[in-house]
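Chain by chain, the residues run as shown.
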Amino acid sequence: MNWIKRSLLCVSLLTGCAGVTHEPLVTIDAAGFKPTPSPIKEQYRRLRALVQDREGAQEAVQDILVAMEAVQSEEAKDWETAAKQWLFVLENDSGAMAAMAFPRWVKAQERLVAEPVQAEILARLLLAQTNEGQEAPWLKKQGYTDIASLTQKIKDLQGDTTAQGTASLPASPRDIKDDPFLEKAAKASCRLDLPAAWRNWLRTQGPNLKLYWEGLQASCRMEYEAAISKFEQALPGLRLNIKTWPYAVNAAERIVKARKSLGQREATTIAYQQLANLLDQPETQKAELGWSPFELWTKRIDTWFWVARNEALEGDYQNAKLAVHEGLNLINQAQTQIVDLNSNQSEELSNLRAEAYNILASRIAYEEGDLTAALSLTRMGQDIPGISKEWRQRLDWSEAWFSYMMKDRIRAVRVWKNLLTQIDDEQHRTRYYYWIGRALYENGQRGEAEDYFEKLQTDHPLSFYTVVGLPRIDPDYGTGEFFGSVSRLQSKLSSMDNIPWEAYRADHEAERRVARLELMLAANVNTWLDPIATELFRYVNSREPLMKDTEATLYVSRLIYMAGNYLQAIALTTSLSNQEADFWDQYPEQVLVYFPQPYQDIYQRTATQSYIDQEIALAISRQESSFEADVISPAEAIGLMQLMSNTAQRQASRLGLRLGEPQVDLKRPELNIALGTAYLAELGRRYRGHWHQAFAAYNAGEFVVDAWLQRRRAEDPLVWIEALSFAETSGYTKNVWRNWEVYRWLRGLPAAKPLL
């Protein structure tokens, strides 16, 4: 089937269709797709005109065209026609369009009679119209082909559209399955006016459980100070009864989480101590917590280690050591008291013992400046039998690092070279290439060092160590030297043609999905662009034959980029670069897709107002969200620059901006970027232009970075970053600094020169 401009061509009649190619309909632009705002009627006209005379094109987007007609019918309040049109979409799509059509069909049916319709009646009608769901691929895919399941789904929809959304709640919080600590019930209701039945249930609970419930609801609303207050008031009473003891444990765990969310590090240490002591009580072993005896042992051990980490962060090394030894004593008890430990449990306990020595070495001895003790403790960890491969490699890295810091570069190189033979993931090799090369370079072995540096730049031109590390050793290494001029890359990006298309030609559904996105982009249609692009990404990313067709999938990644789905475009690019050894040498222009620059006017304006370079804000946003404006992290950071609600509120107050509901308002790019940029500027001033420190603080918080600057000093920023006690923050800081340098290069600016 030919979708576009007879885009699938046989290169040679002599070889049949082995050389089938695709001629792109869309010109890829580094600036991305910027649709002209227009009514859906106008978008419909453009798309229909585009597909009119293109063989097979109308079939590819017929459901989208009919959905656009349905929206116009809704606007005209022609609910009967709208219902028929939404039914057509349900019968002709199995993905996002049908998922969107289903609730619209329900709404149209209800508007036809001007009142809510019983869910079962609607379910019977839809099943009758679709031959018991057999003619509606989305219903079949979701399992909604019987009266009971479809009725329940429609009930859920109708519940979500009531005034307060409470109709979807069960009769009582206790009726929610698999919710022993009432967490699901609190999350489902925390932003609703509770129905009478729930209010009556709450009145029957004791005062301590009521306080606990109020704490859960405050946590759900991200009102962490209020949540802490409620949990702390509830704790003493919850501990009085074995039946409410599990709620006491959960409350203590939630206090830890809330303190961490607020960045209250010292208070977090106290909260961890409270939790550790609570877990050590005999009542915890009797309470119905849903943990196996072994799980309780490991939770107790791990909690004491968290006490140790936090006390070390505060510089209280003596108590940190005591906390580590509490954990070690528990490991000894577990190994003697648990009967019939299986191999996995034995390995986990061995790994926890290795963690103890790692804390003593890396978190305590290193900060005390005793590298000899750090190395000795690391070797004690290496001698533990039964530890995992991952832990052995971590400890070996520490041995090499401490040796390097003690100027024993020969030993460091030997250990790093040995580790290099054990690494399966090519991306992880960059760390070893750089530090082996650097140690050799500093040891006067320049020739061998250059071999590692060349491999780093050739195989991994966009790693932190290549972009940031190598130019600090030799300015001849640099991003521009590898990729060439930005203007040449922009020209190459927009000049794809005759794309090899065999794998996609062999997969009808893949070809259809590409055509849908191409046609929408070419017709300047932005309605439903995101779900269509997402469906294409998921389909291609899950099929090995398509992913192996590098050039074709490269084009797909660029279409997805043009649709504004930057995270998915970056993900496809990462996969392709990992499977092709010389990917960046063949397709250097893809760097423009890998480092998007959306919302340029907003970043420029807010960065100027905050007196920082916009490239810094772009660098943070790429790392935090990959420019997904509505993303919320597991830690409840929100939006493009992943702001915590308390940080956002503080910046909004300082700037005189209104921040209402964080989970809603912080998804707005303009507000999120304004607040995030203001916070970055504040960190830049706090750390006096040492941006690598500001980047670390954006991730770990000022308290932590202040502590590291006091006790983990290093003149070389790369040494300081490498040795941070939070591996996540170390990796984060490297990525942001790398991003910053690349964005500066893309915008024609010289390499940054952070202060030492």
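Remember, predicted model here, so these are calculated numbers, not experimental data.

**Student:** Please give an account of the pattern of salt bridges that cites residues and values.
**Tutor:** The tally for this structure, following the rule as stated, stands at 39 salt bridges. R712 is the partner of E367 in a salt bridge, and the nearest nitrogen-oxygen pair spans 2.8 Å. Residue E367 is found in the loop between helix 17 (343-365) and helix 18 (371-382), and its partner R712 is found in the loop between helix 40 (702-711) and helix 41 (717-722); the two are separated by 345 residues along the sequence. Residue classification places E367 among the buried positions, given a relative accessible area of 10%. Through salt bridges with shared partners, a single ionic network connects R409, R438, E442 and D716.

**Student:** Can you explain the state of the cysteines? Please cite residues and give values.
**Tutor:** In protein chemistry, a disulfide is the covalent bond that joins the sulfur atoms of two cysteines. As enumerated under the stated definition, the model contains one disulfide in all. Each disulfide pairs two cysteine sulfurs, and for C190 the partner residue is C220, the sulfurs being separated by 2.0 Å. Here C220 lies in helix 10 (residues 207-220) and C190 lies in the loop between helix 8 (183-189) and helix 9 (196-204), a separation of 30 residues in the sequence. The same class applies to C190 and to C220, which are both buried.

**Student:** Can you lay out the packing of helix 35 (residues 614-625) against helix 39 (residues 691-700) for me, pointing to particular residues and giving the numbers?
**Tutor:** Here helix 35 crosses helix 39 at 35 degrees, and the two axes come no closer than 12 Å. Pair helix 35 / helix 39 crosses with right-handed handedness. Every residue of helix 39 that contacts helix 35 at I616, I620 and E624 is listed here: W691, F695 and Y698. Partitioning the contact of helix 35 with helix 39 into residue classes produces five nonpolar, no polar and one charged.

**Student:** Describe in detail the side chain of E355, supporting the description with residues and values.
**Tutor:** Considering the arrangement of structural elements, one finds E355 in helix 17. Here R309 takes part through its side chain, which lies 3.3 Å from a polar atom of the side chain of E355. Apart from residues lying up to four places away in sequence, E355 is in contact with F305, R309, W391 and R394.

**Student:** Any details on the side chain of T303? Residues and values, ideally.
**Tutor:** Looking at the secondary structure, you find T303 in helix 15 (residues 293-313). Residues contacting T303, with those up to four places away along its chain left out, are Y272, L275, A276 and L279.

**Student:** Give a description of the environment of T81 that names residues and reports values.
**Tutor:** Note that T81 resides in helix 3 (residues 79-92). The class for T81 is partly exposed, based on a relative accessible area of 28%. A C-alpha to C-alpha distance of 70 Å links T81 and D451, two positions 370 residues apart in sequence.

**Student:** Explain helix 20 (residues 409-420) to me, and be specific about the residues and the numbers.
**Tutor:** With twelve residues, helix 20 should cover 16 Å at 1.5 Å per step; its first-to-last C-alpha distance of 16 Å lies within 8% of that length. Among the residues of helix 20, R409, A412, V413, V415, W416, L419 and L420 are the ones counted as buried. Of the surrounding elements, those touching the buried residues of helix 20 are helix 19 (389-405), helix 21 (429-442) and helix 22 (446-459).

**Student:** Could you give an account of the packing of aromatic side chains, with specific residues and numbers?
**Tutor:** Across all of its chains, the model carries 41 aromatic pairs by this definition. Taken together, the ring pairs connect W397, W401, Y404, W416, Y432, Y434, W435, F464, Y465 and W737 into an aromatic cluster. When the ring centre of Y441 is taken as origin, the NZ or CZ atom of R446, which lies over that ring, is 3.9 Å away.

**Student:** Any chance you could break down the packing of helix 18 against helix 19 for me, citing the residues and the numbers?
**Tutor:** Their axes nearest at 9 Å, the elements helix 18 and helix 19 cross at an angle of 160 degrees. The angle between helix 18 and helix 19 places the two elements in the roughly antiparallel class. Once helix 18 is placed against helix 19, the crossing between them reads as left-handed. Between helix 18, through L371, A374, L375, T378, R379, G381 and Q382, and helix 19, the contact on the second element is made entirely by R392, L395, D396, S398, E399, F402, S403 and M405. Residues that form the contact of helix 18 with helix 19 fall into these classes: six nonpolar, five polar and four charged.

**Student:** Give a detailed account of unusual backbone geometry, specifying residues and quantitative values.
**Tutor:** Of note in the backbone geometry, K77 takes a positive phi value of approximately 60 degrees without being a glycine. Topologically, K77 is positioned in the loop between helix 2 (57-75) and helix 3. Positive phi is not limited to glycine here, since R688 has a value of about 55 degrees. Following the sequence through the fold, R688 ends up in the loop between helix 38 (669-686) and helix 39.

**Student:** So, the confidence of the model for the chain: which residues are in play, and what are the values?
**Tutor:** When pLDDT is averaged across the chain, the result is 92; 96% of the residues are at 70 or more. Under a pLDDT of 50 for its full length, residues 1-17 has, in the predicted model, 43 contacts with residues more than four places off or in other chains. Considering only residues more than four positions removed or in separate chains, one finds that residues 160-165, a stretch of pLDDT under 50, has six contacts.

**Student:** Let's hear about helix 17: which residues, and what values?
**Tutor:** Each α-helix turn comprises 3.6 residues. Residues three or four places apart therefore point the same way. Its 23 residues place the ends of helix 17 32 Å apart at the C-alpha level, agreeing with the 33 Å of an ideal helix rising 1.5 Å per residue. At N358, helix 17 shows its strongest bend, of approximately 25 degrees. Most of helix 17 sits out of view: 18 of its 23 residues are buried. The N-cap residue of helix 17 is N342: its side-chain oxygen and the backbone nitrogen of N344 are 3.1 Å apart.

**Student:** Which residues make up the environment of Q85, and what values do they have?
**Tutor:** Along the chain, the position of Q85 falls in helix 3. Q85 sits 16 residues away from E69 along the chain, and the two C-alpha atoms are 7.3 Å apart. Setting aside residues no more than four positions away along its own chain, Q85 makes contact with V66, E69, A70 and S73.

Rules used in this analysis
Residues numbered from 1 in each chain as written. Predicted model: local features only at pLDDT ≥ 70, side-chain atom pairs only at ≥ 80, totals over all residues. Heavy atoms only, no water. Salt bridge = Lys/Arg side-chain N within 4 Å of Asp/Glu carboxyl O. Helix = DSSP H or I, 4+ residues; strand = E, 2+ residues; numbered from the N terminus. Buried < 20%, exposed > 50% of the residue type's maximum accessible area, 1.4 Å probe, protein only. Disulfide = S-S within 2.5 Å. Axes fitted to C-alpha atoms, helices over the stretch in contact; angles between N-to-C directions. Left-handed = near helix turned anticlockwise from the far one by under 90°. Contact = heavy atoms within 4.5 Å. Nonpolar A, V, L, I, M, F, W, Y, C, P; charged D, E, K, R; others polar. Polar contact = N/O pair within 3.5 Å; in protein donor to acceptor, adjacent residues only side chain to side chain. Expected span 1.5 Å × (residues − 1). Phe/Tyr/Trp six-rings, centres within 6.5 Å; stacked < 30°, edge-to-face > 60°. Lys NZ or Arg CZ within 6 Å of the ring centre and 35° of its normal. Parallel < 35°, antiparallel > 145°, perpendicular 65-115°, else oblique. pLDDT = per-residue confidence, 0-100. Bend = angle between axes of the 7 residues up to and from the residue.

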